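Structural features, examined
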Amino acid sequence: MPELPEVETIVLALRAGLGRARILDAIVHRSDIIRSGTRDLPGRLIGRRIVSVEREGKRIKLMLTPDGQCIFHLGMSGRLTLERPRAPLLSHTHIQIRFASRVGELRFRDPRRFGGVWFFDGGPRGAAAGLASLGPDALTIRAPVLRGICRRGRGIKALLLDQQVVSGLGNIYTDESLFDARIHPLRRASELADGQVGRLAGSIRKILRRSIDSGGATLRDYRKADGSEGAFQRICRVYGREGQACLRCGSPVRRILVAGRSTHVCAVCQPLEA
DNA sequence: CGCATTTCCTGGAGGC
DNA sequence: TGCCTCCAGGAAATGC
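Residues numbered from 1 in each chain as written. Chains lettered and ligands numbered in written order. Predicted model: local features only at pLDDT ≥ 70, side-chain atom pairs only at ≥ 80, totals over all residues. Heavy atoms only, no water.

Notes on the protein's contact with DNA strand C
His-73, Gln-163, Asn-171, Tyr-239 and Arg-255 are the nearest of the 14 residues found near DNA strand C. Each atom of DNA strand C within 4 Å of the protein belongs either to a base or to sugar and phosphate, the latter forming 54%. Its residues assigned to classes, the surface near DNA strand C shows 5 nonpolar, 4 polar and 5 charged. (Near = heavy atom within 4 Å. Nonpolar A, V, L, I, M, F, W, Y, C, P; charged D, E, K, R; others polar.)

As structure tokens, this is what we get:
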């Protein structure tokens, strides 16, 4: 499932691969994957040029000229890949975008369709009207900002998963960050000591950076923009390790349910009581 | 307000 | 081999 590091990996590849390509054509195979702005996506895209490719939380933004944005969210199973135009079309490919230069063809594929595409004319104000606002980016979150966030109370994991509070974290990286910072996912955020919150901010940045450096985590569906797999799953320390020995203390990793998500925790290293 | 639950959706895994 | 059920979860909506 694509979270910040997976999305960042894709953005880096698209930025390098697409350059400032001009859009020649767009083909929409499933129009309900377009979540806002317009039904006529090709009409709005054709002739425009890509200015840059940006990441905002887990969103991928193609910034266009004249002023416009095409935003992709990969949901659970979405893939955004740059392929040879003649490569066979895989099932559940919802959108193809072709370019005037020979940069390849951009394809959006999403079997489960939790993802989607948004299009806006004009500047950022248009985007704000159709998509929820996002909290500060997790990749650069600093202790003072996280302390302010934690004052809201709530369980720390539920708080970190809320994109309007902090953007970019999903189930894997919250579990990994909380394990690294030795904080139980159910701890009340408002009851964490300043030192713990500071450590958590550092853990979040470190874990995300480390994953980006290994090309993201391929657990089920995620693939890099060239279709290959990331490697971070091999360095996960709690996620998906239910029943196995904690890599720090040896006691078994437990799986519990938090905020409706399966959550991996070492009850010894991450005590629930302060 | 918080928080749990439900909804959307499909492929893959496991049981029989 | 084949059929069935269950499960994964990002984000929004709903209910308490």
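Description of the protein's contact with DNA strand B
The local shell around DNA strand B consists of His-92, Pro-111, Arg-112, Arg-113, Phe-114, Arg-154, Gly-155 and Arg-188. Counting only atoms of DNA strand B within 4 Å of the protein, the fraction found in sugar and phosphate groups is 68%. At 3.0 Å from a phosphate oxygen of DNA strand B is found a side-chain nitrogen or oxygen belonging to Arg-113. Within the surface near DNA strand B, the residues separate by chemical class into 2 nonpolar, 2 polar and 4 charged. (Polar contact = N/O pair within 3.5 Å; in protein donor to acceptor, adjacent residues only side chain to side chain.)

Examining the domain arrangement of chain A
Domain parsing of chain A yields domain 1 (4-128) and domain 2 (138-265). Relative placement of domain 1 and domain 2: their C-alpha centres are 28 Å apart. Between domain 1 and domain 2, the contact holds 19 residues from the first and 20 residues from the second. Summing both sides of the interface, domain 1 and domain 2 together bury roughly 1,500 Å²; the carbon and sulfur share of this comes to 64%. For the domain 1 face of the interface with domain 2, the top three residues by lost area are Leu-4, Glu-6 and Arg-79, together amounting to 35%. For the side of domain 1 that touches domain 2, the secondary structure elements donating two or more residues are helix H1 (4-18) and strand S6 (79-83). Of all the elements, H1 adds the most residues to the side of domain 1 that touches domain 2, at 9 residues. (Domains from an automatic or database assignment. Contact = heavy atoms within 4.5 Å. Buried area = accessible area lost by both parts, 1.4 Å probe. Helix = DSSP H or I, 4+ residues; strand = E, 2+ residues; numbered from the N terminus.)

A short note on the sheet that holds strand S5 (residues 68-73)
Strands in a sheet are paired, the pairing made by backbone hydrogen bonds, and the direction either parallel or antiparallel. If you walk across this open sheet you meet the 5 strands as S2-S9-S5-S4-S3, and the pairing is mixed. Two strands bound the open sheet, and with one partner strand each, they are strand S2 (34-36) and strand S3 (49-56). The sheet shows a mean angle of 25° between the axes of neighbouring strands, taken without regard to direction. Note that S3 and strand S4 (residues 59-65) share 7 bridges and pair antiparallel. For Glu-54, the partnering residue across the bridge sits in S4 and is Lys-61. In the packing of H1 onto the sheet, contacts are made with S3 and S4, and the angle to S3 comes to roughly 165°. (Pairing = 2+ DSSP bridges. Axes fitted to C-alpha atoms, helices over the stretch in contact; angles between N-to-C directions.)

Observations regarding the environment of Val-258
Position of Val-258 relative to the elements: it lies in strand S10 (residues 254-258). On the accessibility criterion, Val-258 (4% relative accessible area) is buried. Setting aside chain neighbours within four positions, we find Val-258 in contact with Lys-157, Pro-185, Leu-186 and Thr-263. (Buried < 20%, exposed > 50% of the residue type's maximum accessible area, 1.4 Å probe, protein only.)

Re the layout of surface pockets
What the largest pocket holds in volume is close to 530 Å³. Lining of the largest pocket is provided by 21 residues; of these, Lys-58, His-73, Gly-75, Gln-163 and Leu-169 occupy positions nearest its centre. The residue inventory of the lining of the largest pocket, partitioned by class, reads 10 nonpolar, 6 polar and 5 charged. Looking at which domains feed residues into the lining of the largest pocket, each of domain 1 (4-128) and domain 2 (138-265) supplies at least three. (1 Å grid on protein atoms, 1.4 Å probe; cavity = no way out; pocket = protein on both sides within 12 Å on 5 of 7 lines; lining within 4 Å. Points joined across faces, edges and corners; volume = space filled by probe spheres on them.)

Points about the environment of Gly-215
Structurally, Gly-215 is set in the loop between helix H7 (194-213) and S10. In sequence terms Gly-215 and Arg-59 are 156 residues apart; their C-alpha atoms lie 17 Å from each other.

Details of the packing of aromatic side chains
Summed over all chains, the structure comprises 1 aromatic pair. Taking NZ or CZ as reference, Arg-248 lies 4.0 Å from the ring centre of Phe-179, over its face. (Phe/Tyr/Trp six-rings, centres within 6.5 Å; stacked < 30°, edge-to-face > 60°. Lys NZ or Arg CZ within 6 Å of the ring centre and 35° of its normal.)

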